Amino acid sequence: MLRGRRVVLGVSGGIAAYKAIEVCRRLVDAGAFVSPVLTPDSLHFVTTQTFSALASEPARTSLWDSPEPSPHTALGQRADLVVVAPATARVLAAYAMGMSDDLLVATLLATRAPVIVCPAMHTEMWEQPAVQANVALLRERGVTVVDPVAGMLAGGDVGVGRLAEPADIVAACDRVLGGGDLAGLRVLVTAGGTREPIDPVRYIGNRSSGKQGHALADEAAARGAEVTLVTSAGRPAAPGVEVVSVETAAQMEAAVAARSDDADVIVMAAAVADFRPKAVADDKLKKGDGVPEVVLEPTPDILAGLGARKRPGQTLVGFAAETSDVVANAAEKVRRKNLDLIVANDVSAPGVGFEHDTNAVVLLREDGSREDVPLADKRAVARAVLDAVLDLRSQATR
Ligand SMILES: Cc1cc2nc3c(=O)[nH]c(=O)nc-3n(C[C@H](O)[C@H](O)[C@H](O)COP(=O)(O)O)c2cc1C
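Every value quoted in this text rests on a predicted model; they were computed, and no experiment measured them. (Residues numbered from 1 in each chain as written. Predicted model: local features only at pLDDT ≥ 70, side-chain atom pairs only at ≥ 80, totals over all residues. Heavy atoms only, no water.)

1. Regarding empty space enclosed by the protein
Considering all chains together, one arrives at 1 cavity of 30 Å³ or more under this definition. What the largest cavity holds in volume is close to 40 Å³. Arg6, Val7, Val8, Ser35, Leu75, Arg78 and Ala79 together form the lining of the largest cavity. Elements supplying a minimum of two residues to the lining of the largest cavity: strand 1 (6-11) and helix 3 (71-78). It is strand 1 that contributes the most residues to the lining of the largest cavity, 3 residues altogether. Classifying every residue of the lining of the largest cavity gives 4 nonpolar, 1 polar and 2 charged. (1 Å grid on protein atoms, 1.4 Å probe; cavity = no way out; pocket = protein on both sides within 12 Å on 5 of 7 lines; lining within 4 Å. Points joined across faces, edges and corners; volume = space filled by probe spheres on them. Helix = DSSP H or I, 4+ residues; strand = E, 2+ residues; numbered from the N terminus. Nonpolar A, V, L, I, M, F, W, Y, C, P; charged D, E, K, R; others polar.)

Structure (structure tokens):
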């Protein structure tokens, strides 16, 4: 979708400006016509020469030194897409407030093309209410935000604020323009741990944070899929992802059942409770009434139900969080539940599974073949899972 499209690449003055060089290169490689616009302060980090050499036309830095009499309107009106990577706190604020004080922000205000901003800054800056409010305002106005990721920052600090990977930024550009290798596919993802009420204030839950399921939904959307995310984790999802919030296994089952027939790919990453209290007290159980006896009953096996009514052309992916005999248990589930793929992890290993930002998994296919995905960011694991899904689907049509 990038081929032949006009992309304005805005670069502002953060330490991650060097990664914009890679973004520029990838956009050009994908066939886009790239017009770089660098803020004056970005020139402390990168040079116009580099961008002029790699892009489709010379880099611009000012409203006043361009061959066009009105460079911001010319750039803004011609653009199919404007992407700012990295977007500093200052650019986000100026854009949110409509402060047209340099060529980049003037171009952002002078365009009707879709806009993507890719913030990057130290964690303290990123978490500032002022910065978060500006980002929220831009999101509300339809701007696509490619969120910063957790990792190593300038000066050796570690935290959230690192610019998203150039490949992800280019994938977002492709998606916003209607492309991506999952374009045309409807993907249903579940995420989070369910909460099974005991009384109005207490529940039985599990440690799932929903991070892996959300990473899968975000990655599928970035690759052009039409994504529905049924989630019990109160986390944000990428723009374009339809979010259905649920709490209990029964709600998750109903939400999935209502959407599963239309889905081409179903990825059940949620940690659905296996048992729930048989009776839910109407009123809060009182300490003074003694230790309550909570009788449990099994919840519906959503994944097995989906496997039983899987339609031709549908790809069904399950997750298996195990603490022992990981591969053997997962292999048994693939067969018993009629899955195409299972993502198995040993949640007792360091950095793996629940609550972590990282995961290490084994992808087991129904034909018995396996692929090991070593410890990586959950987004990278999501990428590997979706690559395997695409591979399975292309094999099925061969
Ligand atoms: C070494 C260094 C690194 C910086 N990195 C960032 C950054 O990653 N993100 C950010 O928002 N500001 C960063 N700043 C602050 C911006 O450079 C500063 O706000 C500047 O005025 C932004 O200009 P611009 O938005 O016009 O490009 C950094 C400053 C310095 C000195």
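2. Overview of helix 12 (residues 326-336)
Among all positions in helix 12, only Val326, Ala330, Lys333 and Val334 are buried. Within helix 12, the buried residues cover an arc of 105° as seen down the axis, which keeps them to one side. Exposed and oriented more than 90 degrees from the buried face of helix 12 are Ala328 and Arg335. Of the surrounding secondary structure, the elements contacted by the buried residues of helix 12 are strand 16 (315-322), strand 17 (341-346) and strand 18 (358-365). (Buried < 20%, exposed > 50% of the residue type's maximum accessible area, 1.4 Å probe, protein only. Arc of directions from axis to C-beta. Contact = heavy atoms within 4.5 Å.)

3. Regarding the packing of helix 9 (residues 211-222) against helix 13 (residues 378-397)
At their nearest, the axes of helix 9 and helix 13 sit 8 Å apart, and the two run at 60° to each other. It follows that helix 9 is oblique to helix 13 by the angle criterion. As helix 9 packs across helix 13, the resulting crossing turns out to be right-handed. Residues Lys211, Gln212, Ala215, Leu216, Asp218, Glu219, Ala220 and Ala222 of helix 9 pack against Lys378, Arg379, Val381, Ala382, Arg383, Val385 and Leu386 of helix 13. When the residues that make up the contact of helix 9 with helix 13 are grouped by side-chain class, the tally is 8 nonpolar, 1 polar and 6 charged. (Axes fitted to C-alpha atoms, helices over the stretch in contact; angles between N-to-C directions. Parallel < 35°, antiparallel > 145°, perpendicular 65-115°, else oblique. Left-handed = near helix turned anticlockwise from the far one by under 90°.)

4. Remarks on the domain arrangement of the protein
The domains assigned to the protein are domain 1 (6-176) and domain 2 (186-397). Between domain 1 and domain 2, the C-alpha centre-to-centre distance is 35 Å. Approximately 590 Å² of surface area, both sides summed, lies buried where domain 1 meets domain 2, with 49% of it carried by carbon and sulfur atoms. Joining domain 1 to domain 2, the criterion identifies 1 salt bridge. Between Asp168 and Arg383 there is a salt bridge, with the nearest N and O atoms lying 3.3 Å from each other. At the level of secondary structure, the elements contributing two or more residues to the side of domain 1 that touches domain 2 comprise strand 5 (144-145) and helix 8 (166-176). (Domains from an automatic or database assignment. Buried area = accessible area lost by both parts, 1.4 Å probe. Salt bridge = Lys/Arg side-chain N within 4 Å of Asp/Glu carboxyl O.)

5. Quick word on the site of the ligand
Around the ligand, the structure places 14 residues, and the nearest of them are Gly13, Thr39, Asp41, Thr88 and Ala89. Arg90 places a side-chain nitrogen or oxygen 2.8 Å from an oxygen atom of the ligand. Here the shell around the ligand takes 3 residues from helix 4 (residues 89-97), the largest share from any one element. Looking at side-chain class alone, the shell around the ligand contains 7 nonpolar, 5 polar and 2 charged residues. (Near = heavy atom within 4 Å. Polar contact = N/O pair within 3.5 Å; in protein donor to acceptor, adjacent residues only side chain to side chain.)

6. Some thoughts on the packing of aromatic side chains
Scanning the entire structure with this criterion turns up 0 aromatic pairs. The ring of Phe33 has Arg6 sitting right over it, with the charged end atom 4.3 Å from the ring centre. (Phe/Tyr/Trp six-rings, centres within 6.5 Å; stacked < 30°, edge-to-face > 60°. Lys NZ or Arg CZ within 6 Å of the ring centre and 35° of its normal.)

7. Digging into the environment of Arg335
Considering the arrangement of structural elements, one finds Arg335 in helix 12. Between the C-alpha atoms of Arg335 and Val7, which are 328 residues apart in sequence, the distance is 47 Å.

8. What about the nonpolar core?
Soluble, globular proteins show a tendency: their nonpolar side chains are buried together. Ranked by internal contacts, the top residues of the largest apolar core, which has 34 residues, are Val187, Val189, Leu216, Val227, Leu341, Leu363 and Val385. Not counting residues within four places of it along the chain, the set of residues in contact with Val189 comprises Gly213, Leu216, Ala217, Val227, Thr228, Leu229, Val230 and Val267. (Core = buried A, V, L, I, M, F, W, Y, C linked by side-chain atoms within 4.5 Å.)

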